[in-house]
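Structural overview for review
Residue-level listing of the chains:
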Amino acid sequence: MRTTDKNEAALIARILAGEKELFHELIRPYERMVYLTLLSIVKNETDAEDGAQEAIINAYRHLVSFRGDAKFSTWLTTIAINEGRKRLRKAKGAAEDSLEEKTEAHEGDYTPAPLTDWREIPLEALERKELREALRVAVAELPDIYRQVFTLRDMEELNIDETAQALGINTGTVKVRLHRARMMLQKRLVPYLKTTVPARRGFFGRAQ
Amino acid sequence: MKLDCKHVWEHISEYIDNTVDAKLREEIELHLEHCELCSAILDSTRNILVLTADDRTFELPVGYSERLHERLAKELESSGKDSEEE
C-alpha cells in the first residue's frame with residue numbers, strides 16, 4: 001500500500017468514527033480531478049461545478065461503502081462519472097443515446113499530421129496562451145468517448161487500469177480511444193505548433 | 001523487419017505509455033533514429049500531453065474550492081443532526 005493510500009485509509013477510518021470535519025482534508029487533493037471529470041462529461045462549467053459538489057457530497061454520504069479494494073481516487077472518480085452521466089441523461093431526456101452505447105464503429109482518420117519544421121519549435125512555443133486555448137477547445141470538441149478517456153488518463157493522470165475501471169470499459173478499449181484522442185489532438189494542434197515563434201523573451205518566453 | 005511510418009504512428013500512443021513489448025520498442029526506436037517525420041510527430045504528441053497535464057491549461061473556475069468547502073461544511077453540519085433520515 002502506498003503512503004498516500006495508508007494516510008487516506010487512516011483519515012477515512014477517523015471520519016467514519018466521527019471526526020467528520022476531516023473529510024475536507026481527505027477531499028482536497030481530488031477537487032480538481034472531480035471537477036475535470038464532470039466537465040469532460042457535461043461540457044458546461046456551471047453544471048460541472050454543481051455536479052462536482054454533488055459528487056463530493058455523495059462520496060461523503062457513502063463513505064462507509066468505500067471498501068478500500070480500489071483506490072480512493074478511482075472510487076471517487078466513479079462517483080463523479082455517475083453524477084455526470086445522470087446530469088447528461090436529465091439534460092437529454094430519456095436514454096436517447098447513452099455514453100456507453102457509442103462504440104468505436106465510426107471509422108475515422110486517426111493518423112497524426114506531419115510537421116516539417118519541428119526542430120524550430122522551442123519550449124517557449126508551449127508557453128503561449130493561444131496554444132493552451134487551442135488545446136482546451138480541441139479537447140472540448142473531441143467526441144465524448146474519446147474526451148472522457150483522455151481526461152482521466154492524460155489530464156488526471158490515472159493509469160490505464162484505473163481509467164478502465166472508472167469508466168466501466170476494458171483496457172483494450174481505453175488504449176484504442178486514448179490513441180485516437182491523442183492523434184486527433186495532435187492533428188488539430190499542429191497548425192499552432194508550427195506558427196512562427198516570436199523573438200525570444202527569456203527562456204520560457206512569457207509575454208508579460 | 002523494417003517498420004514503415006504508418007506502422008509507427010499506430011503505436012505512438014502505446015510507445016509513449018511504455019506499453020509496447022521490447023521487440024517492437026526496439027524497432028520503433030530504430031525507425032525514429034532516421035525518420036525526422038515520425039520523431040516530430042512523437043515530440044509534438046508528447047508536448048501536447050505535457051501541456052495537458054499542466055494545471056494552467058485546464059483551470060478551475062475562480063472560487064470553486066471555496067464554494068465547494070462551504071457547501072460541504074453545511075452538509076457535514078447537518079449530517080450530524082439528521083443522519084438517520086438520509
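A word on the overall build of chain A. Of the regular secondary structure elements, chain A holds ten helices and zero strands. Walking chain A from its N terminus toward its C terminus, one meets helices and strands in the order α-α-α-α-α-α-α-α-α-α. The buried share among the 208 residues of chain A stands at 34%. By sequence separation, contacts in chain A at least 24 residues apart represent 69% of the contacts at least 6 residues apart.

Counting secondary structure elements, chain B contains five helices and zero strands. What you see in chain B, going N to C, is helices and strands ordered as α-α-α-α-α. Across the 86 residues of chain B, 21% fall into the buried class.

Turning next to the environment of Val8 of chain B. Residue and element names in this part refer to chain B. Within the element layout of this structure, Val8 appears in helix α1 (residues 5-10). Along the backbone, Val8 and Leu51 are 43 residues apart, and their C-alpha atoms lie at a distance of 23 Å. Not counting chain neighbours up to four residues away, the residues in contact with Val8 comprise Leu3, Ile28, His31 and Cys38.

Right, let's get into unusual backbone geometry. All names here are of chain A. Located in the positive-phi region is Lys43, a residue other than glycine, with phi close to 55°. Within the fold, Lys43 resides in the loop between α3 (31-42) and α4 (45-61). Using a count of 15 C-beta atoms within 10 Å as the deciding quantity, one classes Lys43 as partly exposed. Within the chain, Glu157 stands out as a residue other than glycine whose phi angle is a positive 60°. With respect to the element layout, Glu157 can be found in the loop between α8 (144-155) and α9 (160-167).

Before going further, it helps to spend a moment on the environment of Asp161 of chain A. Along the chain, Asp161 of chain A falls in helix α9. The spacing of Asp161 of chain A and Thr74 of chain A is 87 residues in sequence and 9.9 Å in space, taken between C-alpha atoms.

Residue and element names in this part refer to chain A. In this structure, Val34, Leu38, Ala52, Ala55, Ile56, Val149 and Ala181 are the most contacted members of the largest nonpolar core, which totals 58 residues. With nine residues, the top contributor of residues to this core is helix α10 (residues 171-194). When residues of this core are sorted by domain, at least three fall in each of domain 1 (3-92) and domain 2 (118-194). Apart from the residues within four sequence positions on either side, Val34 is in contact with Ala52, Ala55, Ile56, Leu76 and Ala80.

All names here are of chain A. Here chain A is described as being made up of domain 1 (3-92) and domain 2 (118-194). When each unit is reduced to the centre of its C-alpha atoms, the spacing between domain 1 and domain 2 is 23 Å. Take the side of domain 1 that touches domain 2: its biggest share by element is five residues, from α3. For the side of domain 1 that touches domain 2, the per-class residue count stands at five nonpolar, five polar and two charged.

Time to look at the environment of Gly51 of chain A. All names here are of chain A. As for its placement among the helices and strands, Gly51 is situated in helix α4. Accessibility expressed as a C-beta count within 10 Å gives 26 for Gly51, which makes it buried. Other than its neighbours up to four places away in sequence, Gly51 contacts Leu38, Val42, Glu83, Gly84 and Arg87.

The subject of this paragraph is the packing of helix α5 (residues 72-92) of chain A against α9 of chain A. Residues and elements named next belong to chain A. Where α5 contacts α9, the two axes come as close as 8 Å, and the packing angle between them is 40°. Overall, the two elements α5 and α9 adopt an arrangement that is oblique. In this structure, α5 meets α9 at a crossing whose hand is right-handed. Contacts from Thr74, Thr77, Thr78 and Ile81 of α5 reach α9 at Glu162, Gln165, Ala166 and Leu167.

We now examine the confidence of the model for chain A. For chain A, the mean per-residue pLDDT works out to 84, and 80% of the residues sit at or above 70. Averaged pLDDT values for the elements of chain A fall to 64 in helix α6 (residues 123-126) of chain A and rise to 97 in helix α2 (residues 23-27) of chain A.

Contacts between the two partners involve 38 residues from chain A and, on the opposite side, 32 residues from chain B. Those elements giving two or more residues to the side of chain A that touches chain B turn out to be α2, α3, α4, α7 (129-140), α8 and α10 of chain A. Top contributing element to the side of chain A that touches chain B by residue count: α10 of chain A, with nine residues. Partitioning the side of chain A that touches chain B into residue classes produces 20 nonpolar, five polar and 13 charged.

The rules behind the values
Residues numbered from 1 in each chain as written. Chains lettered and ligands numbered in written order. Predicted model: local features only at pLDDT ≥ 70, side-chain atom pairs only at ≥ 80, totals over all residues. Helix = DSSP H or I, 4+ residues; strand = E, 2+ residues; numbered from the N terminus. Buried ≥ 20, exposed ≤ 12 C-beta atoms within 10 Å, placed from the backbone. Contact = placed C-beta atoms within 7 Å. Core = buried A, V, L, I, M, F, W, Y, C linked by C-beta atoms within 7 Å. Domains from an automatic or database assignment. Nonpolar A, V, L, I, M, F, W, Y, C, P; charged D, E, K, R; others polar. Axes fitted to C-alpha atoms, helices over the stretch in contact; angles between N-to-C directions. Parallel < 35°, antiparallel > 145°, perpendicular 65-115°, else oblique. Left-handed = near helix turned anticlockwise from the far one by under 90°. pLDDT = per-residue confidence, 0-100.

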